[in-house]
Amino acid sequence: MDLNYTAEDLAFRDQVRTYLEANLPQDLQQKVLNHKRLSREDFVRWHKILAKQGWVATGWPAEYGGTGWTATQRHIFEEECARAGTPAILPFGVNMVAPVIMAFGNQAQKDYYLPRILSCEDWWCQGYSEPGSGSDLASLKTRAERDGDHYIVNGQKTWTTLAQHADMIFCLVRTDTGVRKQEGISFLLIDMKTPGITVRPIIMLDEDHEVNEVFFDNVKVPVENLIGEENKGWTYAKYLLGHERTNIAAVGRAKRELQFLKRIAAKHQKNGLPLIDDAVYASKVASLEVELMALEITVLRVISQDSGRPGPEASLLKIKGTEIQQRLTELMVEAVGPYGLPFDPAFLEGETVHSIVGDDDAAPLAPYYFNFRKTSIYGGSNEIQKNIITQMILGL
Ligand SMILES: Cc1cc2nc3c(=O)[nH]c(=O)nc-3n(C[C@H](O)[C@H](O)[C@H](O)COP(=O)(O)OP(=O)(O)OC[C@H]3O[C@@H](n4cnc5c(N)ncnc54)[C@H](O)[C@@H]3O)c2cc1C
């Protein structure tokens, strides 16, 4: 197995790098590099810039408007975006519902939704989890009852990321209660403007409005918004989850954050010396760097065996990737010490001055640390990923 990039890969990397240098707006870059919050407009703006270049859908086949890149090219692109500090392309449309529409949707659904996802005309959110149905997702209770050429949907979703901005939600709904729980689920696409939908914010530990509760009260959904067959939604749901977990390792971003960590640890002092020269702290950073290098090699190994479909090894990347991300934020907070404690939300939202003692680097770090507790929970908690590994890789 050769894990080195070929000459073509390196030429591709240069092409991406040159493009990003010329096209990534500086204000967006500064927000990302400085751990500031991004608005809906920020995400949409970057999405539309990339769409002009035809680089939004790196995992889609060319026939649908994707780049048609190899897994290695996709990896290089993600690395370069992370290195430059681009906003993310939000996964809910491009990487989650789109592959499901391509694999299981009908022609009319493909023709209508896929171009709107590419152009960011529709902002999607994910309606899987419910109160009491997170890890045990198949126990979900939101009901969809057939009434002529519509479904009538009643129930509640929760933790719905950025639903406050969404035009569309893809939902798992129960269409049959008299069968095994996995067999009575369907996959519905719902317009968020439909009467009967209420979105309520859940404010996170860092005081950010990132997730929501979404309530459905007699919501009328046309039957043509059903994906595939009624009661086969669990198959489509699992297909989507495989795609959800592939990019969660976020090695490129972790590499950028490691450089940031080293920079702040060189600036802050312990016993009159830069913290990075403290033997105990330096050994923590070194062991994290070794873990990250090992993860990167593992990602490259997985990519080099790419079969086109993410397998259970995605679980392994999810666990390691999120552990490293969380550890990075822990070491950042440790580096700035008490300067990380004061909290100024306006500064995170884009104010250039803040009322906090300490420098600009330190001010966003405590909220960043708290926010990253989510990564071992979402996308299927890390404990659930371990269950998947024991069953599907170790065969226990
Ligand atoms: C920031 C954030 C954003 C999210 N965004 C979305 C979204 O956009 N759309 C969406 O549908 N969902 C979203 N989620 C929900 C997420 O998928 C669930 O939180 C996750 O699946 C865990 O479910 P739960 O919260 O119900 O916890 P539970 O399932 O109740 O789990 C509680 C604890 O028990 C452990 N546990 C549960 N079952 C087992 C088991 N069998 N073996 C071992 N340990 C177990 C879990 O690991 C966890 O530690 C988001 C969550 C967060 C935190």
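Since this is a predicted model, take the numbers as computed values, not measurements. (Residues numbered from 1 in each chain as written. Predicted model: local features only at pLDDT ≥ 70, side-chain atom pairs only at ≥ 80, totals over all residues. Heavy atoms only, no water.)

1. Let's talk about the overall build of the chain
Argument step 1. In terms of helices and strands, the chain carries 13 helices and nine strands.
Argument step 2. Its C-alpha atoms give the chain a radius of gyration of 22 Å, within 12% of the compact-globule value 21 Å for 396 residues.
Argument step 3. When its C-alpha atoms are laid out on the principal axes, the chain stretches across 75 × 50 × 50 Å.
Argument step 4. A buried classification covers 48% of the 396 residues belonging to the chain.
Argument step 5. Restricting to contacts in the chain with at least 6 residues of sequence separation, those with at least 24 account for 72%.
Argument step 6. Only carbon and sulfur atoms are counted for the fraction: they give 52% of the accessible area of the chain, which is about 18500 Å². (Helix = DSSP H or I, 4+ residues; strand = E, 2+ residues; numbered from the N terminus. Rg over C-alpha atoms; globule rule 2.2 N^0.38 Å. Buried < 20%, exposed > 50% of the residue type's maximum accessible area, 1.4 Å probe, protein only. Contact = heavy atoms within 4.5 Å. Areas by Shrake-Rupley, 256 points an atom, 1.4 Å probe, with all protein chains shown as cover.)

2. Observations regarding the site of the ligand
Argument step 1. Taken together, 17 residues sit near the ligand, with Ser-135, Trp-159, Thr-161, Ser-381 and Glu-383 positioned nearest.
Argument step 2. In the environment of the ligand, an oxygen atom lies 3.0 Å from a nitrogen or oxygen atom belonging to the backbone of Tyr-128.
Argument step 3. Here an oxygen atom of the ligand sits 2.6 Å away from a polar atom, N or O, in the side chain of Ser-381.
Argument step 4. Within the complex, the protein chains bury 67% of what would otherwise be the 970 Å² of accessible surface of the ligand.
Argument step 5. Looking at the shell around the ligand residue by residue, the classes come out as seven nonpolar, eight polar and two charged. (Near = heavy atom within 4 Å. Polar contact = N/O pair within 3.5 Å; in protein donor to acceptor, adjacent residues only side chain to side chain. Nonpolar A, V, L, I, M, F, W, Y, C, P; charged D, E, K, R; others polar.)

3. What about the environment of Thr-329?
Argument step 1. Here Thr-329 lies in helix α10 (residues 313-336).
Argument step 2. Those residues in contact with Thr-329, other than ones at most four positions away along the chain, are Tyr-368, Tyr-369, Phe-372 and Arg-373.

4. Things to note about helix α3 (residues 40-53)
Argument step 1. In this model α3 runs 21 Å from its N-terminal to its C-terminal C-alpha over 14 residues, within 8% of the 20 Å that 1.5 Å per residue would give.
Argument step 2. Inspection of α3 places Asp-42, Phe-43, Val-44, Trp-46, His-47, Ile-49 and Leu-50 among the buried residues, and these make up the whole buried set.
Argument step 3. As for α3, its buried residues are in contact with α1 (7-23), α2 (26-33), α4 (71-84), α5 (91-104) and α6 (107-119).
Argument step 4. Downstream of α3 by one or two residues, Gly-54 has phi in the positive range, about 80°. (Expected span 1.5 Å × (residues − 1).)

5. Quick notes on a nonpolar patch on the surface
Argument step 1. Together, Leu-316, Met-392, Ile-393, Leu-394 and Leu-396 line one region of the surface with nonpolar side chains, adding up to about 530 Å² of accessible area.
Argument step 2. Of note, Met-392 is situated in helix α13 (residues 382-393). (Patch = residues over 30% accessible without salt bridge, like charges linked within 9 Å, V, L, I, M, F, W, Y side chains within 5 Å. Salt bridge = Lys/Arg side-chain N within 4 Å of Asp/Glu carboxyl O.)

6. Notes on the pairing of strand β2 (residues 143-147)
Argument step 1. In the sheet, β2 pairs with strand β3 (residues 150-158) via five bridges, with the strands oriented antiparallel. From the neighbouring strand, Arg-146 faces β3, where its bridge partner is Tyr-151.
Argument step 2. Counting the residues in the hairpin turn of β2 and β3 gives two residues, including Gly-148, whose phi is positive at 65°. (Pairing = 2+ DSSP bridges.)

7. Side note on the packing of aromatic side chains
Argument step 1. Here the structure, examined in full by the defined rule, presents 15 aromatic pairs.
Argument step 2. With centroids separated by 5.9 Å and ring planes inclined at 90°, the aromatic side chains of Tyr-128 and Phe-170 adopt a geometry described as edge-to-face. Here Phe-170 lies in strand β4 (residues 168-174) and Tyr-128 lies in the loop between β1 (124-127) and β2, a separation of 42 residues in the sequence. Here the two residues Tyr-128 and Phe-170 agree in accessibility, since each one is buried. (Phe/Tyr/Trp six-rings, centres within 6.5 Å; stacked < 30°, edge-to-face > 60°.)

8. Points about the nonpolar core
Argument step 1. With 49 residues, the main nonpolar core has Phe-170, Phe-187 and Leu-189 as its most contacted residues.
Argument step 2. Listed by contribution, the elements that provide at least two residues to this core are α1, α3, α4, α5, α6, β4, β5 (185-191) and α7 (233-246).
Argument step 3. Listed in part, the 28 residues of the second largest apolar core include Leu-261, Tyr-281, Leu-317 and Met-332. (Core = buried A, V, L, I, M, F, W, Y, C linked by side-chain atoms within 4.5 Å.)

9. Some remarks on the pattern of salt bridges
Argument step 1. Within this structure, the stated rule accounts for 30 salt bridges.
Argument step 2. Note that Glu-334 and Lys-284 form a salt bridge whose closest N and O atoms lie 2.7 Å from each other. Of this pair, Glu-334 sits in helix α10 while Lys-284 sits in helix α9 (residues 279-304), and the two are 50 residues apart along the sequence.
Argument step 3. Its relative accessible area of 38% is what places Glu-334 among the partly exposed residues.

10. Quick notes on unusual backbone geometry
Argument step 1. For Ala-250, which is not glycine, the phi dihedral falls at a positive 45°.
Argument step 2. Within the secondary structure, Ala-250 sits in the loop between α7 and α8 (251-267).
Argument step 3. Of note in this structure, Asn-271 is not a glycine but carries a positive phi near 50°.

11. Comments concerning the environment of Thr-175
Argument step 1. Tracing the chain through its elements places Thr-175 in the loop between β4 and β5.
Argument step 2. Separated by 130 residues in the primary sequence, Thr-175 and Gln-305 place their C-alpha atoms 38 Å from one another.
Argument step 3. Not counting chain neighbours up to four residues away, the residues in contact with Thr-175 comprise Arg-143, Ala-144, Tyr-151, Gly-184, Ile-185, Ser-186, Glu-230 and Asn-231.
Argument step 4. A polar atom in the side chain of Thr-175 sits 2.6 Å from the side chain of Asn-231.

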